[in-house]
Every structure is written in C-alpha cells, then in structure tokens.
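So the chains spell out like this:
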Amino acid sequence: MADVGDVLMSVLSTIRVPKPGDRVHKDECALSFASPESEGGLYVCMNSFLGFGSQYVERHYARTGQRAYLHIKRTRKTKEEDNNSGSGHPPKKKPTRLAIGIEGGFDVEQDQYEEDIKVVILPDRQEVTSEDLSSMPDVVRDRVRFTSSMAGIVAADSVSHTLQVQQWDGEVRQESKHAADLKQLDNGVKIPPSGWRCEVCDLQENIWMNLTDGKVLCGRRYFDGSGGNNHALLHFQETRYPLAVKLGTITPDGADVYSYDEDDMVLDSKLPEHLAHFGIDMMTMEKTERTMTELEIAVNQRVGEWEVIQESGTTLRPLFGPGLTGMKNLGNSCYLNSVMQVLFTVPDFENKSVLTPSRYSKLGYGLLSGKYSKPALDPGEENGTSEARVRDQIGIAPRMFKALIGWGHPEFSTNRQQDAQEYLLHFINMVERNCRSGTNPSEAFRFLVEEKIVCQQSQKAKYTQRVDYIIQLPVPMDQATNAEELQEAERRRDEGDASAPTVRAQIPFTACMAAHSEPEILTDFWSSAVQAKTTATKTTRFASFPDHLVIQIKKFTFGLDWVPKKLDVSIDVPDTLDLSALRATGQQPGEELLPEVAPPPLMTPDVEVKGILGSQGNEEDDSLYSPLLSPALDESTVSHLCEMGFPLESCKRAVYFSGNTGIDAATNWIMSHMDDADFTAPLVLPGCSSGAGTTPTESISEEHLETIVSMGFSRDQATKALRATSNDLQRALDWIFSNTNDLESMDISEGGRSAAESESASEPPPGPRVRDGPGKYELFAFISHMGTSTMCGHYVCHIKKDQQWVIFNDQKVCASEKPPKDMGYLYFYRRVAD
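Throughout this description, residue numbers start from 1 for each chain and increase along the sequence as written. The predicted nature of this model means local features are confined to residues of pLDDT at least 70 and side-chain atom pairs, given and counted, to a pLDDT of 80 or more, with totals for whole chains, interfaces and linings taken over all residues. Side-chain metrics in this entry use all non-hydrogen atoms of the structure; hydrogen atoms and water are not considered.

1. A look at the sheet that holds strand β10 (residues 264–266)
Two strands make a pair as long as DSSP finds a minimum of two bridges between them. Strands are runs of DSSP state E lasting at least two residues, helices are runs of H or I lasting at least four, and both sets are numbered from the N terminus onward. In space, the 5 strands of this open sheet follow the order β7-β6-β8-β9-β10, with antiparallel pairing throughout. Across the chains shown, the open sheet's two edge strands, defined by having one partner strand only, are β7 (216–218) and β10. In this sheet, adjacent strand axes meet at a mean angle of 40 degrees when their direction is disregarded. Two strands pair when backbone bridges link them, and strand β6 (residues 207–210) and strand β8 (residues 243–246) are joined in this way by 3 bridges, in the antiparallel orientation. Axes here refer to lines fitted to C-alpha atoms; in helices the fit is confined to the stretch in contact. Angles between the N-to-C directions go from 0 to 180 degrees.

2. A closer look at the pattern of salt bridges
We count a salt bridge whenever a side-chain nitrogen from Lys or Arg sits within 4 Å of a carboxyl oxygen from Asp or Glu. Tallied over the full model, the rule gives 28 salt bridges. Between Glu443 and Arg769 there is a salt bridge, with the nearest N and O atoms lying 2.9 Å from each other. Remark: Arg769 occurs in the loop between α27 (755–761) and β22 (776–786) and Glu443 occurs in the loop between α16 (420–434) and β11 (447–455); sequence separation between them is 326 residues. Classification of Arg769 as partly exposed rests on a relative accessible area of 31%. The structure contains a network of salt bridges with shared partners spanning Asp348, Glu443, Asp547, Arg769, Arg771 and Arg831. Under the scheme applied here, a residue whose accessible area is under 20% of the maximum for its type counts as buried, over 50% as exposed, and between as partly exposed, the area being computed with a 1.4 Å probe on protein chains only.

3. Section: the UniProt feature "active site" (unreviewed entry) in the protein chain
UniProt positions are given in the numbering used here, feature names are shortened, and annotations may be inferred rather than shown by experiment. UniProt marks Cys334 and His794 with the feature "active site" (unreviewed entry), using the numbering shown here. Maximum C-alpha separation among the annotated residues is 6.5 Å over a sequence range of 461 residues, consistent with a single clustered spot. Tracing the sequence through the fold places Cys334 in helix α11 (residues 334–343). Two residues qualify as a contact provided that any one of their heavy atoms is within 4.5 Å of a heavy atom in the partner residue. Excluding residues that lie within four positions of it along the chain, Cys334 makes contacts with Asn329, Gln417, His794, Tyr795 and Asp810. For His794, the location among the structural elements is in strand β23 (residues 794–801). The buried category is assigned to His794, whose relative accessible area is 11%.

4. Comments concerning the sheet that holds strand β15 (residues 520–527)
One open sheet accounts for 4 strands, arranged β12-β11-β16-β15; its pairing is antiparallel. The open sheet terminates on both sides in strands that have one partner only, identified here as β12 (461–468) and β15. Each strand axis lies, on average, 35 degrees off the axis of its neighbour in the sheet, ignoring direction. Pairing between β11 and strand β16 (residues 532–542): 7 bridges, direction antiparallel. Note that in β16 the partner of Cys455 across the bridge is Ala536.

5. Digging into the environment of Ala156
Here Ala156 shows up in the loop between α5 (143–155) and α6 (159–168). In this structure the C-alpha to C-alpha distance between Ala156 and Lys19, which are 137 residues apart in sequence, comes to 9.1 Å. Contacts of Ala156, omitting those with residues within four sequence positions, involve Val24 and Lys26.

6. Re helix α7 (residues 231–239)
For the α-helix, the turn length of 3.6 residues means that residues three or four positions removed from each other point alike. Within the span of α7, buried status applies to His231, Ala232, Leu233, His235 and Phe236. Residues of α7 that are buried make contact with β6 and β7.

7. Here we look at unusual backbone geometry
Phi is mostly negative for residues that are not glycine, and the peptide bonds are mostly trans. Put simply, Leu122 and Pro123 share a cis peptide bond, and its omega is 5 degrees. You can see Pro123 is positioned in the loop between β4 (113–121) and β5 (126–128). The phi dihedral of Asp810 is positive, around 55 degrees, even though this residue is not glycine. In this fold, Asp810 is placed in the loop between β24 (804–809) and β25 (812–815).

8. Quick notes on the packing of aromatic side chains
Centre distance within 6.5 Å is the pairing criterion for rings of Phe, Tyr and Trp, where only the six-membered ring of Trp is used; planes under 30 degrees apart are then read as stacked, over 60 as edge-to-face, and the remainder as tilted. Applying the stated criterion to the full structure yields 16 aromatic pairs. Centroid distance Phe349 to Phe427: 6.2 Å. Interplanar angle 35 degrees. Geometry classified as tilted. Here Phe349 is found in helix α12 (residues 347–353), whereas its partner Phe427 is found in helix α16, with 78 residues between them in sequence. Looking at Phe349, the relative accessible area reads 3%, which means it is buried.

9. What to know about the packing of helix α23 (residues 702–709) against helix α24 (residues 715–724)
At a minimum axis distance of 9 Å, the contact between α23 and α24 shows a crossing angle of 125 degrees. Classified by the angle between their axes, α23 and α24 sit oblique to one another. Every pair of crossing elements has a handedness; the one defined by α23 and α24 is right-handed. On α24, the residues that touch Glu702, His704, Leu705, Glu706, Ile708 and Val709 of α23 are Arg715, Ala718, Thr719 and Leu722. Classifying every residue of the contact of α23 with α24 gives 5 nonpolar, 2 polar and 3 charged. To sort the angles, those under 35 degrees are grouped as roughly parallel, those over 145 as roughly antiparallel, those from 65 to 115 as roughly perpendicular, and the leftovers as oblique. For a crossing to be left-handed, the near helix must be turned anticlockwise from the far one by less than a right angle; the clockwise case is right-handed. Residue polarity follows a fixed list, in which Ala, Val, Leu, Ile, Met, Phe, Trp, Tyr, Cys and Pro are nonpolar, Asp, Glu, Lys and Arg are charged, and the others, Gly among them, are polar.

10. Focus on the side chain of His231
Inspection of the secondary structure assignment puts His231 in helix α7. Beyond its immediate sequence surroundings of up to four residues, His231 is in contact with Cys198, Val200, Cys201, Leu217, Cys218 and Gly219.

11. Focus on helix α13 (residues 361–368)
Of all the 8 residues making up α13, 8 are buried; the element is thus mostly covered by neighbouring parts of the structure. Within the span of α13, buried status applies to Ser361, Lys362, Leu363, Gly364, Tyr365, Gly366, Leu367 and Leu368. Two residues or fewer past α13, Gly370 is found with a positive phi of approximately 85 degrees.

What follows is the structure, encoded as structure tokens:
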C-alpha cells in the first residue's frame, strides 16, 4: 500500500475536483464511440475530464503526460435481476412533462447497470479503488483530494445528460391564463363516464367538452377530411368560452386541454375541480381516446405514408458490417442521422475520414468501420434469434457530433425536429468554414448557376453566376395525372363521406423539372438600358455540373390560411437523369448586354435586393437600397453573423455590400462570396482611411489560455486554437480536439503564427472551386419524411450499396424490399460516365 501511496503522491498535482460549470465527458470517448458499456470501459482524465476509450487513453497519456484516469465500466443487468429487485417497490411515476432527467420528465436511464469505478495510473496501469483510498494511512497527504475528485466525477452530470436537459426542458405545455378563474355555469349539466356524442352531428370520435358550459362537441376537421366537423370551435366563436377537454384522454394523471383563445394545448391546474363541476371523477377515468400526438401519427398512418416509407408491411432482413452502422435517435435527431448516413456514402467524405480519428472522421469511422455494426442483444443471449431484437443494432450515438455541429445555432442545438435540407446546408457551411486550407469534401456538391435576365423592352441581357449546392424543384399540383380521382375524393369528403379514400396526387418528374427551368417573369425590373422599371425574364441554367447532385422536392408550403402544410404527392423520380440540355450557354452571338449603370439612389435593383427579401420599407429609406449612401453598419446583424461562425471582417463586408438590409440578405451575400479573394480582408468604407471600419486584432485571453493548458495541451497549441476561433473558448476546445493529428507537428513562432500560416497569408485564396463534367447522373440515395411538417414526424434514408437498396431507420439497417423512390424529399445523384 505504501507503493500505492507513492504513486498517488506523484500524480497529486494533476488531480482536479470538478467545479460547477466544468464539462465532464463520462458517457463517450472524445475520439471514438466507446462508452462505459463498451469492452474496456471508459477512462476519464482526472484533470481535463475528457473521456477516452481503452484504444485511445494511452495516446492521450503520451501526448499530455497525464497519468491519472477514472476508469468507469458498466455492465447491464439482466431482465431477471431487474424484475427481482423487490415486489414492494412502487411503479415508476408517469411522466407529466416533455423533459428528460428532471422532475416530472422522462427517465434517461431506462436500463439498470452495475458500475465498477477505480483510478488507473498510467503507464503501469496501477489500479486504486475507493476501498484502497479509505484504508490508506492518514499520513498520506491529500488523500481526500483523490476521494473528492472520484466522487465529483461520478456525481457530476455528463455533458450529454446536461445537453439533453437543456434541449428538452422548456418544451412544456404552459398553464392557461384562464385556468385559475375559469367561469363555469351552474346549468345542471352532468356528463356520463362514456358514450359521448357530438350534440350537433352525433359524431362519436374526437369529442371535446367545453369546461364552461359542459357542451359536448366534435373537434376540428383535419387536412384529409377526418377528425371532426369543427363544432367545438364554432361554439367557442359564438360564446368565447375558452377551454375544452378531450373526452377519452382523461386519466388520473391529466388530459388534453385546449385553449381556443390562446390557440394552443395548455395545462389546467384546476382540472379535477373543473371536471367535478360536471360530474366527472378524474381519479376513476381511463384513457379510451388517442391523444393529439398519437392522433397525428395515426392520421399519417391512415394515409399510408409511414408504412410505405418504412416498408412496414414486409419482413426486412437486417444487415451488418462496414458502412452498415445504425445511429441512435437522440430525441428527434433522425434528420441528422439520415443526412450523415448519405454524406458518408460520398467518396469525398469517406476519404476525408481515412478511418482514423481527425476533424469530422470520428463519426465517419463510427459509420464506416463496421466496429459498431453488431446486433444489440439482451444480456445472456447467445445469438439473435428474436427478429424484433436482431433488427436493432448497437450502433453509435452521435452526441458530441450533434453538440459540436449545433453549437450556438438556435434550432440545431435543440432536440426539436428539423428540416433535413436546412441541416444539410448548415453542415456544408460548417465544412466550408473548416476546410479552407485543405481538402474540402463539400466540393462534391458545389456547382455554379448562371442567371440570365433579359429586359423585354430593350432585349438586352445581363448574366450573373452564383454558387449553389441544391436544386429545389417546385411541385405543380395542376399537372397531376390523376386529377379526376383527386377531385372525386375531395367532393366526397366535402359531403361528409367518412369512407372517402385518401388519394395521393401523381405528379410527373418532368413537370417538376419544367416548372423549375421555365423563365420567371420579373414585373418590376429596373433596366439600365431604358433607365426605367420594366418587365424582364430570368432564366436559370447550370454553369457547371457537380460530381454529386442534390434535388429537393418542395413538398412543404402554406395554405390559403397561411397554415403550413405538406403536399401529399407521389413523383416518378427516375433512376437516371440527363440534364445536359440545361447547360448554360453564356452570351449569344449578336446579343447585347445591359449597360453597367447603377440605378438611381431611390430605385432598387429588384433582382439583387427585393428579389431575395421581398419589398421592405419605403422609397424614402435610402439605406435599404444603396450601400454607398449609408456606410454605418448594423451592429446587430454583424454580431448575429459572427455568432454563426463567420470571420468578423467577412460579416462587416456582408452587411455593407447587402445594403444594411437585414440578416437574410447578408447571409445570402456571404454564401455567394465565400471564395472571393478578399472575403476576409478588412473593410474600407468610402471616405475613410484604410483602417476605418475595422477593429484591431483581439489579444488572446490569458484566462482562456490557462483553461486549455490545464487540460494538458501546450501553450502554443492553446494559442493556435484560440487564434483559429476568434478567441472563443468553447469553439477553441472543439477545434483543438478536431485537429489532434496536427498538434504534434505544430510549429508556432514567437509572434504566435505558424510558418504555414504566414506563407498562406501572403497568397490570396482561390476563387470558387467547382468540378464540372457531363450532366448525366444516377440515383444512389434519397431521404424521406413522414409527418405533416418539417417540425414533426420522422426521417429515414435509403442508400444503394453494391446494387442493393438499404434502408437506414435510425438503429435499424435492413435490406430494402420496396424502396419508395416516389415519396422522397431529398434525392442524391452521382455522375455517370458517357
């Protein structure tokens, strides 16, 4: 034991006790997807609190010299052990709010584990348990420090747990403002415990009771004609009685309560009292009706979308191996799972990974290596004979990746469902920002678009080019090939025929392409040729064809009442695609160009400003139209862009050259000018000296330096990380762990810049790099969405691997029997040779 004491004393100076605010990574390895449940367990550095799998802990020790690690190994208990834990225990309390790991929310630890915890001292891997520490002589100084560090790491919330609570907590139904003082009429109405019918139309489903007068009426009519006949809503419009409860959802734990006045599902803290007023004993009621969430899923399933896309009607054969790894759903993270599965099928992203931990390759290694593509079996099972069990993989949980990519973003940092197309563009943007000096895998999708505008009065033309990554195809519903069938189904629903079938519109893919490529009419175009506003046409063509082409079907739109809705369509998307006819031709022989004359100060060049943002302000607000008239920059827009991760000077240029017209225009400018040679050059405003409009280089925060150095990195490495991330500590930490392979060769000069930086700084960055080739493609993947809007529902993807279609449905990876290619949302094509 004396030897143990000597060893502990030798590492005492590197031991820290977690303080409030420290990030403790005890669920997942920083460089792989190893966890405490993995073979070998997880080693948590007792200085930086970073976790490492058994494969990488020696590497961290070699680089940092850190010797003391808390080793955590968890073994899942068998079901028998869980069931024998004692019959006297009360049942788990039903969740009452949509939150994770907090009072009233969901329990994140659904499985029960046995934990083995000890301190491991490298390089000899000497093990010290808490019992060893407690039995050490009192003369061993600071024994308490080790005990406190161990206890602190064990007790601290892991980073993933903290993020889940932050992301989910708050998505809670709010107390209705009418609940406390709700008026209830003494009209003698008593409601029976069952057998409810709408008092107007006799409907027996989706029945709501008004909590003021006890009227029992049917609910709203849904988009497909089901649901109800709006009688409860009409009753509110006549009486203004605000609250209604859905009969059939009442249980001792609560019920669905809707406030028509607040237009939202709400909480009613006095619900037992309000129900008792009409003779309903809440404690004796049982659930007989689906909740609103269940009903939404059921509506989609009646349409058939969920079964068709997930291929629910067939027994799918599970697949395992490299490139066939499932991803755990972290709570509405299916959009991320689907997009990343497809991206790591693209050779550029596969090659970037190189199957070794580096910038984005932790996820790539997890998906491509096959190491985690194994059946998830219950403890004690020898093989996966149960079809239901074997279809779920161990898979990977991309917690750190999701936190890194979504950091600071108002949507992607939450656990809300997101639009897969928006996430794809966000991720490409992140890649663009982090791959300026090296291989950029997003170039596989980048292409140039040529826009040709022809003044109809002078017949002179203007040509512009911009960078893009996705083609967005409109859905011309008037081109449906089954129009008569659609009209008949709509007529029957309007007449109240509950047996009317749900018919999906059949739209030809050629009609979508034609709607996208046909000339757009600009009715308010300022022509430099005639020096006045006139009509023009705008035609969009490909100035280059990318190696991989992404096509988005614009299924999501707004109804006449401005309520978001999803078009229920089937589109005959082809397996092969030839876009050669859409190649841009540039200026034609004999064609005259519009003069390069600036419009008058009070005249907006519509296609450059209003064409993007729509009409804003009035003609007297010159700052909306000409950046030269208003050199003052909107600081809030500059700040917002900086928070998105763009360089400060680039943000200033974006706000200035977009005319101070807001965040959308500035973001659009950045996306179109990211490859300009002067993209990050200091902005020089008209009439100012070369230093005007800029700020001096920020000095590196000494506090931030010390924080990173305390984690085992050198001062030069910390300086490099902070300089690369504008002195942002959190981004610097993300950066340094994404560039671990480059740290050993880092050569920082006394001035704080490496030789490579100094050399590259003297060379202007190249223009937009695009690949070009034939416009012939073949389909290799598509992402499908189920649900009524991008903010709800579920995403899955289908990918063609070795001539076999494979469905990736979170942790389920199976051979596809009937890939629903006609119901996709995002389609991915790759170039084929002539």
